[in-house]
Structures are given as C-alpha cells and as structure tokens.
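What follows is the residue order along each chain.
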Amino acid sequence: MFDSLSINIGVFLIAAFVIAIAGSKMTKVADSLADKTGLGEALVGAILLGGSTSLPGIVTSVTAAATNHPELAISNAIGGIAAQTAFLSIADIAYRKANLEHAAASLANLTQGTLLVALLAVPLLAMAGPEVSILAIHPASFVLLGAYLYGLNLVSQANKNPMWEPTETDNTKVDEPEENIDDGSSLTGLWLSFFLLAITVGVAGYFVAESGIAISEKSGISQSVVGGLFTAISTSLPELVTSVAAVRQGALTLAVSDIIGGNTFDVLFIAFSDFAYRRGSIYHGLTNSQSFVISLAILMTGILLLGLLRRQEYGLGKIGFESWLILILYIGGFSLLFVGI
C-alpha cells in the first residue's frame, strides 16, 4: 500500500481503531432496531449485526483474493471465526451475574452454532476432493451460499415456532422487546445510522486489508500468520466491541447471536474469495496451517454448543467451563501455529 513499513502499520492501527469505535455504536442501534421492529435480538444479531460487523473481513478477504493473495484471504476468514469465538469468552468474563451461555441460551443460537459447524466442514471437504471448477469457481462455494440461506430459514423458524426451550432460571435473560420505547429516535433514523456505520466499518476494512498485505510483504511474516492473527483480529474488533457492549446493555441474546451469526456469515468469506480469485479453485490453495485453524474453529464451536446445552449457571470465577476451554484452545492453537506447526 505504502513503501514504508511504519506507515503501513500506522494505517493498519488507525483503521482498526475506526472499526472498534464504529462497531460499538452499531450495537446500540441494532438493539433499538431489534425492539422497534419486533424482529428480536437473535435474528437481528445473526443477520443484521453479524453480517454488518463482518464487512471489514469481507473486504479484507475479497481484496486479498482479487489481488492474488489467496493464503491471506482464507487465513483472514477462518482466523476471524476463531478469534470471534474467543471474544465470546471475553464477553462472558464481562458479564458477572452468571455464565453468559446459561443466561442467553436459546434455540436460535443453538441452531446457528450447529449450522456453523456444518459450513466449516465444507472447505475441508473441498480441499480434500478433486480440483473442479465452473468458470474458476468451485461448486463448494455455491453449496456454502445455499446452505447459509437455508440455515437462516431454520433460525427464523426456530424463533417463530420453537420445538425446544431452555428451562428458565433466575439468571435466564429472555429476549423480549422492550415496551413503550421512547428514545427520541425514529425507525428511519435508526436504519440510516446503522447503514452509515456499516459503510464506515467496511471502508476501514479495506485499509486493513491493503495495509495487512503490505505488512506481510515488507516484514517477511507469512500471510497465514498475518491473516490468521493480525488482520483477522483487527477486522473482528466490531464483534468484540459489540458483544461486550451488548452484554453491558443487558442484550445477552444479541451478544451471543452476533458472534455465532457473524461466524456463520464469515464462512462465506471463503466463497466470496473464490469468486474474486481468478486462478482456479481457492480451496486447493488451503495449507496445512489453514486446515489446522478450521479444525480448531470447529472444536471451539462444538465446545460453545456444549456450554449452551449444559447451561452451567456458575463456573470458576463465575465464568463457564466452555469459556475457559475456548480461550485455552485459541491461545494454545495459535501459539503452535506461530512457531510453525
């Protein structure tokens, strides 16, 4: 992006800061939209907030793929999923009344988590299968898009006609729209504010991508490390900020669905990157390191689902067992990756 490594690092940090600030403001707007539209926190978190906070990651991965940096594109996508799952553990630490997974248990969140595990398996299958493509696009990309849309339909059905419900306790936070909301904001104004913030986050994501590529090239650090750690964490800052902000506002279902819904949407980064990458199937550019991170993300999501099902009310330090395990796996997994597993 620039000739100087220090300037690129400066641009990277400024863009990451913009993402964090705009992302935090999006949470309040999304929570108000969930109440005023009646859509509920789970659906707004999964689709609207999860998709919008994923904009920096989309821009980063697609830009990297279009400029023939497939390793960075995929590492950013899957690294972001792992980082955001770890961020949910941080949100659990921020919520002191009980374990977050206990308080925010819902069928919609469980459905999204199960969908995420299924989607994460598709890139691994595509990598191991024959190298086929239609107009330089692997069929797995179309499978991801179709499965995601079908999964959203399942989440919507789970909200409208739940066939399973968590047992309510004193610490269960039920997602119910607030009545008589009069904060002086119109529905049109809320939508406009949300989209302006989303655009800001997306533009900042572009600068994260460009500066990340430059940092990788000028520093000699591999694109897997730059994508899996630096750009992934930076473009995932909205999820960290919005989930912690949502917890502090008492919007617990929104916090969990933002992370899980955002992660589910993030799997589509690989499909979008495959569309942008014109040298063939991007799936067959997957390295062992990237397969390791995908497997790590599947394991972390599985543990999160166990936490949502078990619903431990209080754990060590009022933090659920799944949050401790997820943090240990994330730190340990990327430590191994950094030393060149």
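Residues numbered from 1 in each chain as written. Predicted model: local features only at pLDDT ≥ 70, side-chain atom pairs only at ≥ 80, totals over all residues. Heavy atoms only, no water.

Looking now at helix H12 (residues 268-276). Buried residues dominate H12, accounting for 7 of its 9 residues. The set of residues buried in H12 consists of Leu-268, Phe-269, Ile-270, Ala-271, Ser-273, Asp-274 and Ala-276. (Buried < 20%, exposed > 50% of the residue type's maximum accessible area, 1.4 Å probe, protein only. Helix = DSSP H or I, 4+ residues; strand = E, 2+ residues; numbered from the N terminus.)

For the protein, the mean per-residue pLDDT works out to 78, and 79% of the residues sit at or above 70. Per-element confidence in the protein is highest for H12, whose mean pLDDT is 91, and lowest for helix H2 (residues 41-52), whose mean pLDDT is 64. (pLDDT = per-residue confidence, 0-100.)

Before going further, it helps to examine a nonpolar patch on the surface. Together, Leu-192, Leu-196, Ile-199, Val-203, Tyr-206 and Phe-207 line one region of the surface with nonpolar side chains, adding up to about 570 Å² of accessible area. As for its position among the elements, Leu-192 is in helix H8 (residues 187-219). (Patch = residues over 30% accessible without salt bridge, like charges linked within 9 Å, V, L, I, M, F, W, Y side chains within 5 Å. Areas by Shrake-Rupley, 256 points an atom, 1.4 Å probe, with all protein chains shown as cover. Salt bridge = Lys/Arg side-chain N within 4 Å of Asp/Glu carboxyl O.)

What follows deals with the packing of aromatic side chains. Under the criterion given, the structure shown has 7 aromatic pairs. Arranged with centres 5.8 Å apart and planes meeting at 50°, the rings of Phe-142 and Phe-275 form a pair that is tilted. Separated by 133 residues along the polypeptide, Phe-142 in helix H7 (residues 139-160) and Phe-275 in helix H12 bring together distant segments of the chain. Exposure remark for Phe-142: the relative accessible area of 42% places this residue in the partly exposed category. (Phe/Tyr/Trp six-rings, centres within 6.5 Å; stacked < 30°, edge-to-face > 60°.)

Here we take up the packing of helix H3 (residues 55-66) against helix H4 (residues 70-94). Relative orientation of the contacting elements H3 and H4 amounts to 160°, with a least axis distance of 7 Å. The angle between H3 and H4 falls in the class roughly antiparallel. Read as a crossing pair, H3 and H4 show a hand that is left-handed. Here Gly-57, Thr-60, Ser-61, Ala-64 and Ala-65 of H3 lie close against H4, whose contacting residues are Pro-70, Leu-72, Ala-73, Asn-76 and Ala-77. (Axes fitted to C-alpha atoms, helices over the stretch in contact; angles between N-to-C directions. Parallel < 35°, antiparallel > 145°, perpendicular 65-115°, else oblique. Left-handed = near helix turned anticlockwise from the far one by under 90°. Contact = heavy atoms within 4.5 Å.)

What follows is about the nonpolar core. Within the largest apolar cluster, 76 residues are counted, with the highest numbers of intra-cluster contacts made by Leu-144, Ile-282, Tyr-283, Tyr-330 and Phe-334. For this core, the element with the highest residue contribution is H4, accounting for 12 residues. Once residues lying within four places of it in the same chain are set aside, the contact partners of Leu-144 are Leu-119, Val-122, Val-267, Leu-268, Ala-271 and Tyr-283. If you look at the next biggest cluster of nonpolar residues, it comprises 10 residues, including Ala-22, Val-29, Leu-33 and Leu-197. (Core = buried A, V, L, I, M, F, W, Y, C linked by side-chain atoms within 4.5 Å.)

In the contact formed by H3 and H12, the axes pass within 8 Å of each other and the chain directions differ by 30°. Here H3 lies roughly parallel to H12, going by the angle between them. Judged by the sense of rotation from one axis to the other, the crossing of H3 with H12 is right-handed. For the pair formed by H3 and H12, the contact residues are Gly-57, Ile-58, Ser-61, Val-62, Ala-65 and Ala-66 on the first element and Phe-269, Phe-272, Ser-273 and Ala-276 on the second. For the contact of H3 with H12, the residue count by class is 7 nonpolar, 3 polar and no charged. (Nonpolar A, V, L, I, M, F, W, Y, C, P; charged D, E, K, R; others polar.)

Moving on, we come to the side chain of Ser-273. Residue placement: Ser-273 occurs in helix H12. Under the relative-accessibility criterion, Ser-273 is labelled buried at 0%. A polar contact of 2.7 Å, which involves the side chain of Ser-273, links it to the backbone oxygen of Phe-269. (Polar contact = N/O pair within 3.5 Å; in protein donor to acceptor, adjacent residues only side chain to side chain.)

Mapped onto the fold, Ser-291 is located in helix H13 (residues 288-310). On the basis of relative accessible area, Ser-291 is assigned to the buried category, the value being 12%. Those residues in contact with Ser-291 that sit more than four places away from it in its chain are Leu-124 and Met-127.

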